[in-house]
Amino acid sequence: MNQFVRIQYVFIVALFAVVVAVSGCRSSTKTYSPEDVVHYDESYDASDKKKIVRDLVDPLVQDTFPLARQTEKPILVVYGISNRTSEHISTDGITDDIRMELLKSGKYSFVNETQRANIEKELNYQYSGNVDPSTRLQKAKQLGAEYMLTGTLRSIEKKQPRQVRLQKKTLKYYSLNIELTNIETSLIEWADKVEIVRESSKPFIGW
Amino acid sequence: MRFFSFRARCAFLVLWSLWIYGCGVGSLNTARRAFYDNRPEKALQTLTESKPVSGRDKLLLLMEKGTILHEMGEYDQSAGVLRKASELMEKQDVVNVGQQTAALVTSDWATEYKGEYCERLWVHTYAMMNYLLLSKYESALVEAKQTLKVFDRYGSPLSEDYFTRALVAHSYEILGELDDAYIEYKKLAADLPNNRDLNVKLFETARRLGFNDDAERYRDEISGYPPEKPDDYGELVLFAGMGKMSVKQASDIVIPPSIRISYPQYMDTPLPAADVTVLNTDVPLTGISIGTDLRSVAKQSLSARAREYITRQAARAAVKETISQTIDNEDAAALSILVRMVFFLLEEADTRGWETLPAFLKLMIIPLPPGKHHLKAVFLNEHGASVEETDLPVTISHPGARVYRSVRMTGK
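Residues numbered from 1 in each chain as written. Chains lettered and ligands numbered in written order. Predicted model: local features only at pLDDT ≥ 70, side-chain atom pairs only at ≥ 80, totals over all residues. Heavy atoms only, no water.

**A short note on the confidence of the model for chain B**
Working step 1: When pLDDT is averaged across chain B, the result is 87; 91% of the residues are at 70 or more.
Working step 2: Ranking the elements of chain B by mean pLDDT puts helix 1 (residues 6-22) of chain B last, at 58, and helix 7 (residues 117-133) of chain B first, at 98. (pLDDT = per-residue confidence, 0-100. Helix = DSSP H or I, 4+ residues; strand = E, 2+ residues; numbered from the N terminus.)

In structure tokens:
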């Protein structure tokens, strides 16, 4: 290779690096339907939440499920889903959606555990002397929950071992276990789980 | 076809190299000085000004902001910033060809700062502390699991970070994941043999798990020390930071005529205090304490990266020498000297680092009865005399309650 060509190569590489450093990508937006399944990587996302909620709620609203057949709607309280994954996942979103779907089915009632402090605050205000006694609500009329809905979200992650390759693969397993406990007897009346296994690959080299 | 003359292209290369080198870390240094002058608000303001550092130092910006906010007691904001740092580290796993090419003809300053292995760990350690201080225990456990990934990935250079490892076990323990807590305590005990404080934890955890044989063994090892925590007690969990993290400095090897190899080294910084204790009306409280000399872990972490560093240096020296010799052969003597000089000066070790970290971190778990306690965290010199004191009001609301506090002596 003559000197001229070598110098050309050096300058092309240097110039290329500068162009890469200063150039940016055009921004764009795209609207999806909430029903679309969209995954960018192996991590938990909104599509997973929809699948989890759907898979867990479906058996609970079927007429074959004993609680769904009761003439008096069972009263449930949601005590949340523990996050035991290695990601910051808001599990409140899952419980909120499960509660909403069960309420929409018309087969269950829920006491609002998250609003207890506000309910007490409002009742105390009604009895503070500022509210017309004929319009204030009676205390000690709340309904007791019969069943408690709890669960745990777990994950196992496995990365491909180090070796010479251009892509790095990650396998991720999520499982959400959910339980319905009879508060009076402490028996677990129902339990189910949803699993998601996903592999994704990322390039080692980029710009 | 030649669009530019040979001299013009050389000048362009030199100017570009100087431009890359010129993007320094000025505002970071200003913020660090303000932080160690006990003006954290000023430090934060400096880092919050619009575009205070180049994109290549974004991770450093987030790390420094994270510790400054933590020391200001803004734990929620600190956790948010450190999560951004964590996301950035994830993105940085992809090798950037443009930056690597630039680094080949300039120096490592041309690349994005990715953090030493230990710094990548401490992003999660500080986030874990923040979440514990905010009583967000599930989030603390998420960070604990992230630290375990870093330990898995980088291994032995980080194994002496006993503080983080104990905090990981603690994060499992407070959420009732006792099996995992026990495993982490046992792994830690394997590296810290005959540590009576740790044996206390192992005894307590083994007993709660119903591992009676193990519990008996640990009870023998800790007989009489410290007294068992009464069941109606709560506990104070204190994170005590001391001193200033070692900073990196460049050391040089020169090979005539113009090859310079520059590599970073951590310079020792003295500890402003030898220990920290907690007093209740001048009486020292006993408990469990496990500490880490962050300076030592940082040195081991940098050493572990030495092979990678040497390879990069060798490649860069070869590229620079090839360019210089090519210019020599073009009969452009003056230009050749100029280019060699610039390359020589540019060859500066990458001494960037997370400098607002403390030199030493200590985890203290102190049993306390329910009630209000007017405690003091006292930093002691090597003779046991007080160097600095911090008031530590603590209220244990009920048996089993945990209160988290964080104190720091920067030692201006």
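**Looking at the sheet that holds strand 4 (residues 167-182) of chain A**
Residues and elements named next belong to chain A.
Working step 1: Taking strand neighbours across the sheet as the criterion, the five strands line up as 2-1-3-4-5 in an open arrangement whose pairing is mixed. Across the chains shown, the open sheet's two edge strands, defined by having one partner strand only, are strand 2 (109-110) and strand 5 (188-203).
Working step 2: As judged from the 15 bridges shared by strand 4 and strand 5, these two strands associate in the antiparallel manner. By the bridge assignment, Ile178 is partnered in strand 5 with Asp192.
Working step 3: The strands that helix 4 (residues 92-105) touches are strand 1 (75-84), strand 2, strand 3 (147-159) and strand 4; relative to strand 1, the one it contacts most, it runs at about 155°. (Pairing = 2+ DSSP bridges. Contact = heavy atoms within 4.5 Å. Axes fitted to C-alpha atoms, helices over the stretch in contact; angles between N-to-C directions.)

**Things to note about the packing of aromatic side chains**
All names here are of chain B.
Working step 1: Under the definition given, this model contains eight aromatic pairs over all chains.
Working step 2: Centroid distance Tyr117 to Tyr154: 4.1 Å. Interplanar angle 10°. Geometry classified as stacked. Here Tyr117 is found in helix 7, whereas its partner Tyr154 is found in helix 8 (residues 137-154), with 37 residues between them in sequence.
Working step 3: Since its relative accessible area comes to 14%, Tyr154 is described here as buried.
Working step 4: Taking the centre distance of 6.1 Å and the plane angle of 55° together, the rings of Tyr126 and Trp354 count as tilted. Taken together, the positions of Tyr126 in helix 7 and Trp354 in the loop between helix 15 (333-346) and strand 8 (360-368) put the pair 228 residues apart, joining distant regions of the chain. Across the pair, exposure class does not vary: Tyr126 and Trp354 are buried alike.
Working step 5: Grouped by ring-pair contacts, the aromatic residues Tyr137, Phe163, Phe239 and Tyr404 constitute a single cluster.
Working step 6: Directly above the aromatic system of Tyr218 lies the positively charged group of Arg217, at a separation of 4.8 Å from the ring centroid.
Working step 7: Directly above the aromatic system of Tyr36 lies the positively charged group of Lys244, at a separation of 4.9 Å from the ring centroid. (Phe/Tyr/Trp six-rings, centres within 6.5 Å; stacked < 30°, edge-to-face > 60°. Buried < 20%, exposed > 50% of the residue type's maximum accessible area, 1.4 Å probe, protein only. Lys NZ or Arg CZ within 6 Å of the ring centre and 35° of its normal.)

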